[in-house]
Amino acid sequence: MDYSSIEYSIPYVCILLVLFVCALLEQKNIKGFISKNFLRNFSLLLVIIFFGLRGYVASDWISYTQFYEDVPPIYNLFSSGYLKIVNFELGFVLFSSIIKTFSDNYIFYSFVNSLVNLLLLNIILKRYCSNYFIFGLAIYFAFCSEYEINMLRNVKAIMLFLISIKYILNRNIVAFLIINIIGLSFHNSAIFYFPLYFFIHKNKKKTYLIISIVGLVIYFLQIHYIGAITSVIGDTLGGMFKEKNDFYLKGEDSGVTLGIFYTIIPLFLAFKYYDKILAYRSENIIFINLLFLYCFSTLYLSEILVFRGRFAALFAFSLSVILPLYYILQKKVIDRKIISSLLLVIVVSKITITNMPILNKYDNIIFGISSYQERREIIDSYYYKYLR
């Protein structure tokens, strides 16, 4: 059994290439050949089928299958006493309980989760990537597919925050708070969105440049500081907080890797095209600031991989709005070819590396999926090999 192989990435790469071609066609004058609406609907449907009809892919499905087996249907939820013992957030439990009312099949549950996520994504892309919908979808697929597959709760909170950006722009704090409190009921990481209301809409280019330079120094010199801070907090709070901190600190840091180019390239281009990005659309100020936060997650948190991954996930969608603009803003054909080639290398390499582990070996119910037991044996074998 190969625990890591480029072969496991092939289905992801194939879908991404189809999306990328559709994205380039979307930017051409193709009215006489095919409509942009058809391309967009086809691309969205393709992604829904890919994510929604997947089998037991990645690893978090183990905990979610057990949870979904145990959660009562909505008509029994409050009388069963289940809410007293479940560890997941209330909003996610209610959401899952409603689905359980219609079917106790986990694959159906997985499909509904993906469908809800992607319908929300559709609204967000139409709102902020209206001129390059498929391009934004392709970037989301490349950088966020692991979240879509493996983080059922987190993604709901992320999507609700993205919906609430409208109210940051309109300075409507009540609507912003209501939406993100709902997001908090799906995953507690949404707590980190609340402070953004007060600064994420401001133009602070020089401040972010200084923070970027400091972050690059911390990353390349591998200056470790997080463990000392979290250890003090964990020791002070004790109990669960100390246990979680000790567990996270046992993990390896990432060190300096070639993966840093997924941070440095978007960061460099963000500063290079900063004024043009804002001139293209004023609300892009929020997304370029979120992109900075995404990059800072790698530069400042690589000491503890789980922290880096969780924080990066909160801000990764910014790439869907900003990266395509590096192509859109080019006026010369040769410049567009250079940028599109660069983006293609970035997204294909990203999706390939992310999905090389056997845990991400893809299957789909249309073509047949491995059983729960077969995938469980693969996971047990994988973790025995790498965590023993």
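As shown above, the structure is provided for reference.
First things first, this report covers the structure right here in the doc. (Residues numbered from 1 in each chain as written. Predicted model: local features only at pLDDT ≥ 70, side-chain atom pairs only at ≥ 80, totals over all residues. Heavy atoms only, no water.)

1. Let's talk about the overall build of the protein chain
The helix and strand inventory of the protein chain stands at 19 helices and 0 strands. Each of the three principal axes of the protein chain carries a C-alpha extent, and together these read 60 × 55 × 50 Å. Nonlocal contacts in the protein chain, meaning residues at least 24 apart in sequence, comprise 77% of its contacts between residues at least 6 apart. Accessible surface computed for the protein chain: about 18,500 Å², of which carbon and sulfur atoms make up 64%. Across the protein chain, the 35 positively charged side chains and the 23 negatively charged ones have centroids separated by 14 Å. (Helix = DSSP H or I, 4+ residues; strand = E, 2+ residues; numbered from the N terminus. Contact = heavy atoms within 4.5 Å. Areas by Shrake-Rupley, 256 points an atom, 1.4 Å probe, with all protein chains shown as cover. Lys, Arg positive; Asp, Glu negative; His and termini not counted. Charge placed at Lys NZ, Arg CZ, Asp CG, Glu CD.)

2. A short note on helix α8 (residues 152-169)
Compared with an ideal rise of 1.5 Å per residue, which puts 18 residues at 26 Å, α8 spans 27 Å between its outermost C-alpha atoms and is within 8% of the ideal. Taken across its 18 residues, α8 has 15 buried, putting it largely inside the fold. Where α8 ends, the next residue or the one after it, R171, has phi of about 55°, a positive value. (Expected span 1.5 Å × (residues − 1). Buried < 20%, exposed > 50% of the residue type's maximum accessible area, 1.4 Å probe, protein only.)

3. A short note on the nonpolar core
Residues F143, L290, F292 and Y326 are the most contacted members of the largest nonpolar core, which totals 135 residues. If sequence neighbours within four positions are ignored, L290 has contacts with F161, I165, L196, I200, F315 and S318. (Core = buried A, V, L, I, M, F, W, Y, C linked by side-chain atoms within 4.5 Å.)

4. Section: a nonpolar patch on the surface
Taken together, the side chains of I173, V174, L177, I178, I181, I182, F198 and F199 define a hydrophobic patch exposed on the protein surface, amounting to about 690 Å² of accessible area. Structurally, I182 can be placed in helix α9 (residues 173-184). On the basis of relative accessibility, which here comes to 42%, the residue I182 falls in the partly exposed class. (Patch = residues over 30% accessible without salt bridge, like charges linked within 9 Å, V, L, I, M, F, W, Y side chains within 5 Å. Salt bridge = Lys/Arg side-chain N within 4 Å of Asp/Glu carboxyl O.)

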